Amino acid sequence: PATTETKEFSAEVGRLLDLVVNALYSEREIFLRELVANAADAVDRRRFLGLTDPALALPADAGVIITPDKNARQITISDDGLGMTRDELVANLGTIARSGTRAFGETVQDAKPEERPSLIGQFGVGFYSAFMVSERVEVISRRAGSDEAWSWRSAGRGSFDVSPAERATPGTDIILHIKADADEFLEPMRLQTIIRKWADHISVPIKLVRDGKAEAANEGTALWRKPKAEVTPAEYEDFYRHLGHFFDKPWATLHWRAEGALEYSALLFVPEQPPFDPVEGERTSKVRLHVRRMFITDEAELLPPWLRFVQGVVDTEDLPLNVSREMLQTTPVMARIRKAVQNRVLTELKSKAKAEAKAETAPIAAEDEDAPAADPVTDGYIRFWESFGTILKEGLWEDAGARADIAPLLRFHSSTEDGWTSLADYVARMKPDQTAIYFLAGETIEQLRHAPVLEGYRARGFEVLLMTDSIDAFWPERMGSFEDKPLRNARQALADLGDAAEVPEALKPLIDAMTAALADEIAEVQPAAHLSESPVMLVSGTEGADLHMQKLLRRAGR
Ligand code: ADP
Ligand code: MG
């Protein structure tokens, strides 16, 4: 028809399509996971918006229906979700230049085959996985609240067409014209297996049409509501992966039910590895909020930004189903749930940190020699610290109320110890005449170990903590002290080394000459009795930003 418009994919989308179709060929079955997840998201979004806008209200039997048709060689995935306007179809499925595209390409090339499916999800390139099994894809969508429907069609090469269409009710149909070599996906049995594997935990009802009848294909069990004793480790792991397309295992699983003043169930996970994050990601917690099983939103900020690596679900009885965005921000119930969930996470982290500290010092019993040793690097607290310590430290800077809870979780490299050490262990090793905890922040541990400024501390037998995260230039000053011992920047605490040397007469001409030569570069030249190996050292004044911080600020363009 004359109203059909043909549009080019944006360059990024075109590249993405090639990558998804070619690099992920061996994992083709995940197309169904991605399309069903999109459909279920659209239903969830419509339900949430329908709470405040009756024109969008969700029909009672809303869900997702998958219909394979062997004769026509097509699969249709229909949902009663929010749908898309014409402009949304064009933007979401054809032109949005996703900032992660290039990074995705590079990562996919390097990734092991079994890691690739999770990459698709992390990079938000799900829809295009339809082209792994389809020679053509057609989308018919009607946005809830509108009478207009639109169709989007493409063979996944270069361009797509958009034209007016018909749809009796709001929602979206994704029609896949299946490739000759993808016949297996026309079998209802095969589709059922994929749904069981990837989409069983989705709470939106998913139906599969088999012999003309639509049958429930997912259990939709709210796993978090089951008693802990009835959930197997494999079920926890499946659910974790489903939550955010994670491929690693959870490092910690927290599952509990609160009863009494507050009533909620929570199932939270701490991942093993940080997610691949091409654009630094959002700084907000994505823990999902449910009310009596129903998904409400993943923007309730159930945990503070410095615990944003925690994933999972909190499901409460204490909010109405039609809770609004404003209410989530203001209701005291949410504040109490947030506090309780945060405390629980911190308690778990503290007990894991403590367990590892014990394991390190415990003598190895002879009869244990044959037992498989727990690998402290992959299972222990340090595994967590290396993945998420940087994020956790943000809390020291921005959350005064949590500082005391975070302090025992901190681990550092140090000038005298191998591996990692805690603040408590540092304090236990302090020399009798040592009054402060010294630290030095910089680019790499190796560089810091050779910093001339350490010489004086070494000579006195004082240990110095070595720090290399950007945030380390900021939080120690805010935190101030640990167990009443002040945290002091080693570059600014040289006076603590008792260096009140008189300027020797013989040095004066040299100091004068250097002062004259460097007058525009530095504030002053001082003798330094605490240097034993290096001839000179650049230090910052005891006031203002230290050298490392100055470098960071310069880099940030201040
Ligand atoms: P992501 O789901 O990570 O955003 P996708 O490529 O899977 O990335 O989908 C792109 C976008 O297209 C979605 O964010 C959504 O806005 C829209 N979309 C895809 N499928 C549907 C659907 N069935 N109903 C409504 N919107 C959809
Ligand atoms: Mg998606």
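This is a predicted model, so every value here is computed, not measured.

Here is what the cut-offs are and how they apply
Residues numbered from 1 in each chain as written. Chains lettered and ligands numbered in written order. Predicted model: local features only at pLDDT ≥ 70, side-chain atom pairs only at ≥ 80, totals over all residues. Helix = DSSP H or I, 4+ residues; strand = E, 2+ residues; numbered from the N terminus. Buried ≥ 20, exposed ≤ 12 C-beta atoms within 10 Å, placed from the backbone. Contact = placed C-beta atoms within 7 Å. Pairing = 2+ DSSP bridges. Core = buried A, V, L, I, M, F, W, Y, C linked by C-beta atoms within 7 Å. Expected span 1.5 Å × (residues − 1). Bend = angle between axes of the 7 residues up to and from the residue. Axes fitted to C-alpha atoms, helices over the stretch in contact; angles between N-to-C directions. Left-handed = near helix turned anticlockwise from the far one by under 90°. Nonpolar A, V, L, I, M, F, W, Y, C, P; charged D, E, K, R; others polar. pLDDT = per-residue confidence, 0-100.

## Focus on the overall build of the protein
Step number 1: Counting its secondary structure elements, the protein contains 18 helices and 19 strands.
Step number 2: Among the 558 residues that make up the protein, the fraction classed as buried is 35%.
Step number 3: The contacts in the protein between residues at least 6 apart in sequence include a share of 70% that link residues at least 24 apart.

## Details of the pairing of strand E3 (residues 74–79)
It is a general feature of regular strands that their side chains alternate between the two faces of the sheet.
Step number 1: In this sheet, E3 lies alongside strand E2 (residues 64–69) in antiparallel orientation, the contact comprising six bridges. From the neighbouring strand, Val64 faces E3, where its bridge partner is Asp79.
Step number 2: The hairpin turn running from E2 into E3, its antiparallel successor, is four residues long, and Arg73 in that turn takes a positive phi close to 55°.
Step number 3: The pairing of E3 with strand E7 (residues 171–178) spans six bridges and is antiparallel.

## Observations concerning the environment of Ile406
Step number 1: Of note, Ile406 is situated in helix H12 (residues 403–406).
Step number 2: Through-space distance from the C-alpha of Ile406 to that of Leu49 is 37 Å; in sequence the pair is 357 residues apart.
Step number 3: With residues up to four places along the chain from it excluded, the contact list for Ile406 reads Leu392, Gly395 and Leu396.

## Structural notes on unusual backbone geometry
Step number 1: Unusually for a residue other than glycine, Arg73 sits at a positive phi of about 55°.
Step number 2: Relative to the assigned elements, Arg73 resides in the loop between E2 and E3.
Step number 3: With a phi angle near 50°, Asp211 is a residue other than glycine that sits in the positive phi range.
Step number 4: As for its position among the elements, Asp211 is in the loop between strand E8 (206–210) and strand E9 (213–216).

## Here we look at the nonpolar core
Step number 1: Core analysis: the largest hydrophobic core is formed by 69 residues, its most contacted members being Val314, Tyr438, Phe439, Leu440, Val464 and Leu465.
Step number 2: The contacts of Leu440, once residues within four sequence positions are left out, are Leu448, Ala451, Val453, Leu454, Val464, Leu466, Ala490 and Arg491.
Step number 3: Counting 54 residues, the second largest nonpolar core, distinct from the first, contains Ile66, Leu89, Ile175 and Leu191.

## Re the pairing of strand E12 (residues 288–291)
Step number 1: Of the pairings in the sheet, the one linking E12 to strand E14 (residues 311–316) comprises four bridges and is parallel in character. Each residue of the ladder has a partner; that of His290, found in E14, is Asp315.
Step number 2: Two strands pair when backbone bridges link them, and E12 and strand E13 (residues 294–297) are joined in this way by three bridges, in the antiparallel orientation. Following the sheet pairing, His290 is matched in E13 by Phe295.
Step number 3: Between E12 and E13, which pair antiparallel one after the other, the connecting turn spans two residues, and Arg292 there sits at a positive phi close to 45°.

## Remarks on helix H11 (residues 381–398)
Step number 1: Counted at 1.5 Å a residue, the expected span for H11 with its 18 residues is 26 Å, and the 23 Å between its end C-alpha atoms agrees.
Step number 2: The sharpest bend along H11 reaches about 70° and sits at Phe388.
Step number 3: Turning to H11, its buried residues are Tyr381, Phe384, Trp385, Phe388, Leu392, Lys393, Glu394, Gly395 and Leu396.

## Thoughts on the packing of helix H2 (residues 30–50) against helix H6 (residues 188–198)
Step number 1: The N-to-C vectors of H2 and H6 enclose an angle of 65°; their axes lie 9 Å apart at closest approach. Here H2 runs over H6; the crossing is right-handed. Residues Leu32, Arg33 and Val36 of H2 form the contact with H6, whose own contacting residues are Leu191, Ile194, Ile195 and Trp198.
Step number 2: When its residues are assigned to classes, the contact of H2 with H6 shows six nonpolar, no polar and one charged.

## Overview of the sheet that holds strand E19 (residues 485–489)
Step number 1: Spatial strand order, E15-E17-E16-E19-E18: five strands in an open sheet with mixed pairing. Of all the strands in the sheet, just strand E15 (413–414) and strand E18 (481–482) have a single pairing partner and so form its edges.
Step number 2: For strand E16 (residues 437–441) and E19, the ladder comprises three bridges, and the chain directions are parallel. Of the residues in E19, the one forming a bridge with Ile437 is Leu487.

## Observations regarding the confidence of the model for the protein
Step number 1: Considering every residue of the protein, the mean pLDDT works out to 86; 85% of them sit at 70 or more.
Step number 2: Taken together, the chains of this predicted complex give a pTM of 0.70 and an interface ipTM of 0.99.

## What about the environment of Arg153?
Step number 1: Mapping Arg153 onto the fold places it in strand E5 (residues 149–154).
Step number 2: Residue class for Arg153 comes out partly exposed when judged on the 19 C-beta atoms lying within 10 Å of it.
Step number 3: Sequence-distant contacts of Arg153, that is, excluding residues within four places in its chain, are made with Arg136, Glu138, Phe160 and Asp161.

## Overview of the sheet that holds strand E6 (residues 159–165)
Step number 1: Reading across the sheet, the nine strands line up as E1-E6-E5-E4-E7-E3-E2-E8-E9 and stay open at both edges, with mixed pairing between neighbours. Both outer strands of the open sheet, strand E1 (5–8) and E9, are each paired with one neighbouring strand and no more. Geometrically, the sheet is characterised by an average inter-axis angle of 20° between neighbouring strands, direction not taken into account.
Step number 2: Lying on the sheet, H6 is in contact with E2 and E8; it crosses E8 at an angle near 165°.

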